[in-house]
Amino acid sequence: MTSTLIHRHAPAEAPAPRPAPERLPLTTLAVGFGLAGLAEAWSKAGPALALPRAVPQVFWAVAAIAWGWLLAAHLVRGARSGQRLSGQLRHPAQGPLAALAPVTAMLLAADLFTFSPGAGRALFLLALIVSALLAAWLFGSWFEGRLDLDAVHPGYLLPTVAPGLVGADVAHTLGHGGLAWALFGVGTFFAVVMTAIVVLRLMFRAALPDALLPSLAILPAPPAVAGLAWFSLNGHAADPVAQAIAGLGVLLLLVQAAMLPRYRRLRFSLGFWSFTFPSAAAVALAGEWLQIAQPPGWQVITGVLVAVLTAFVAVIAGHSLRLGARRPGRA
């Protein structure tokens, strides 16, 4: 009886503390990047389709909200997590994807510039500084000799090629011609070097695991973005450089078509956002070429391309929302 009373009035055991949440995967940053690419494709198609400015601005607003929300989510989760950011940046699969945050900001800065030139320039400068510091830090960590070639994937193009070529296009839009050419040089150099390393790894090492296979869609992005930057820097003319870039882009798109059977066997993941920006850049560049060549029905073709791109991104967004609903509290 006494033991029963003691047991009954004994203080309840304190609940076990909840484990600290993990950091959000850097893969999620591709969401804002893909949506910004979609918005840019609509902006490029606007003159051909005689669209009011409000139409592409809807897509820019969605991209800005997604980018800001995800960036805040990363900061909040990171502050609560026991993991250090440097550990995530050193991760061989995730680290290079951190470059998506400032590169997306560059694209948003170009649109912001049309409303507030000072704010647009400030955001671009901040994004450029973050991109440069991140690229330098990442290369410094890779130069320590601990990176295995098997860990390399097409995402390794992002820290230098993306801010270089995207930055060149945006810098020219903002009126910084000399900086634009400098960034184009950086992006072009690393596009050659890093693509060679990635192709070497893909051809002579084990196949990428399914989780990283969507990163192969990044390969056509450099020539597509380089083509857009070249048109901005050198004028909208079908000169030999533009034609050479276009030829490379077409070849890499054909490689993607050959990869479709492997892509179709994949289970959906947030990695599928890797398909969105390269597709958007290719559509934007195709729209530029259609406007230059003006074949019969080129406006209709432009409209069809952006409509198909929008449907494609919407499907991936829908699957992402359903994936998040099935896995509450997790990325």
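Here the structure is a predicted model, which means the values were calculated and not measured. (Residues numbered from 1 in each chain as written. Predicted model: local features only at pLDDT ≥ 70, side-chain atom pairs only at ≥ 80, totals over all residues. Heavy atoms only, no water.)

Each aromatic ring pair is characterised by the separation of its centres together with the angle its planes make. Scanning the entire structure with this criterion turns up 14 aromatic pairs. Ring centres of Phe139 and Phe143 lie 5.8 Å apart, and the angle between their planes is 75°; this geometry places the pair in the edge-to-face category. Phe139 sits in the buried class, given a relative accessible area of 14%. Measuring from centroid to centroid gives 6.1 Å for Trp181 and Phe184, while their planes differ by 80°, and the two rings are edge-to-face. Of this pair, Trp181 and Phe184 are both found in helix H8 (residues 177-204), three residues apart, which corresponds to roughly one turn of the helix. On the basis of relative accessibility, which here comes to 40%, the residue Trp181 falls in the partly exposed class. Here the aromatic cluster, defined as three or more aromatic residues joined through ring pairs, consists of Phe139, Trp142, Phe143, Tyr156, Phe189 and Phe190. Between Arg53 and the ring centre of Phe115, over which it is positioned, the NZ or CZ distance is 4.2 Å. (Phe/Tyr/Trp six-rings, centres within 6.5 Å; stacked < 30°, edge-to-face > 60°. Buried < 20%, exposed > 50% of the residue type's maximum accessible area, 1.4 Å probe, protein only. Helix = DSSP H or I, 4+ residues; strand = E, 2+ residues; numbered from the N terminus. Lys NZ or Arg CZ within 6 Å of the ring centre and 35° of its normal.)

What follows is about the environment of Leu270. Of note, Leu270 is situated in the loop between helix H10 (240-264) and helix H11 (276-293). Sequence separation between Leu270 and Gly164 is 106 residues; the distance between their C-alpha atoms is 25 Å.

The relative placement of two packed helices is expressed as an angle between their axes plus a distance between the axes. One can describe the packing of helix H7 (residues 158-173) onto H8 by two numbers: an axis separation of 7 Å at closest approach and a directional angle of 155°. Looking at the two axes, H7 sits roughly antiparallel to H8. In terms of crossing hand, the pair formed by H7 and H8 is left-handed. On the side of H7, the interface is formed by Thr160, Val161, Pro163, Gly164, Leu165, Gly167, Ala168, Ala171 and His172, while H8 contributes Leu179, Ala180, Leu183, Phe184, Val186, Gly187, Thr188, Phe190, Ala191 and Met194. (Axes fitted to C-alpha atoms, helices over the stretch in contact; angles between N-to-C directions. Parallel < 35°, antiparallel > 145°, perpendicular 65-115°, else oblique. Left-handed = near helix turned anticlockwise from the far one by under 90°. Contact = heavy atoms within 4.5 Å.)

Counting residues in each nonpolar core, the largest one holds 91 residues, and the members touching the most others are Phe124, Val166, Tyr263 and Trp273. Beyond its immediate chain neighbours, meaning those up to four positions away, Phe124 contacts Met106, Ala109, Gly167, Val170, Ala171, Leu174, Leu179 and Leu183. (Core = buried A, V, L, I, M, F, W, Y, C linked by side-chain atoms within 4.5 Å.)

Turning to a nonpolar patch on the surface, a few remarks are in order. Taken together, the side chains of Val199, Leu200, Met203 and Phe204 make up a nonpolar region of the molecular surface, amounting to roughly 410 Å² of accessible area. With respect to the helices and strands, Met203 occurs in helix H8. (Patch = residues over 30% accessible without salt bridge, like charges linked within 9 Å, V, L, I, M, F, W, Y side chains within 5 Å. Areas by Shrake-Rupley, 256 points an atom, 1.4 Å probe, with all protein chains shown as cover. Salt bridge = Lys/Arg side-chain N within 4 Å of Asp/Glu carboxyl O.)

Between helix H2 (residues 29-49) and helix H3 (residues 54-80), the shortest axis-to-axis distance is 8 Å and the interhelical angle comes to 165°. Compared by their axis directions, H2 and H3 come out roughly antiparallel. Where H2 crosses over H3, the two elements pack in a sense that is left-handed. Here Leu29, Val31, Gly32, Leu35, Ala36, Leu38, Ala39, Glu40, Trp42 and Ser43 of H2 come into contact with H3, specifically with Val55, Pro56, Phe59, Trp60, Val62, Ala63, Ala66, Trp67, Leu70 and His74. Each residue belonging to the contact of H2 with H3 can be placed in one class, and the counts come to 16 nonpolar, three polar and one charged. (Nonpolar A, V, L, I, M, F, W, Y, C, P; charged D, E, K, R; others polar.)

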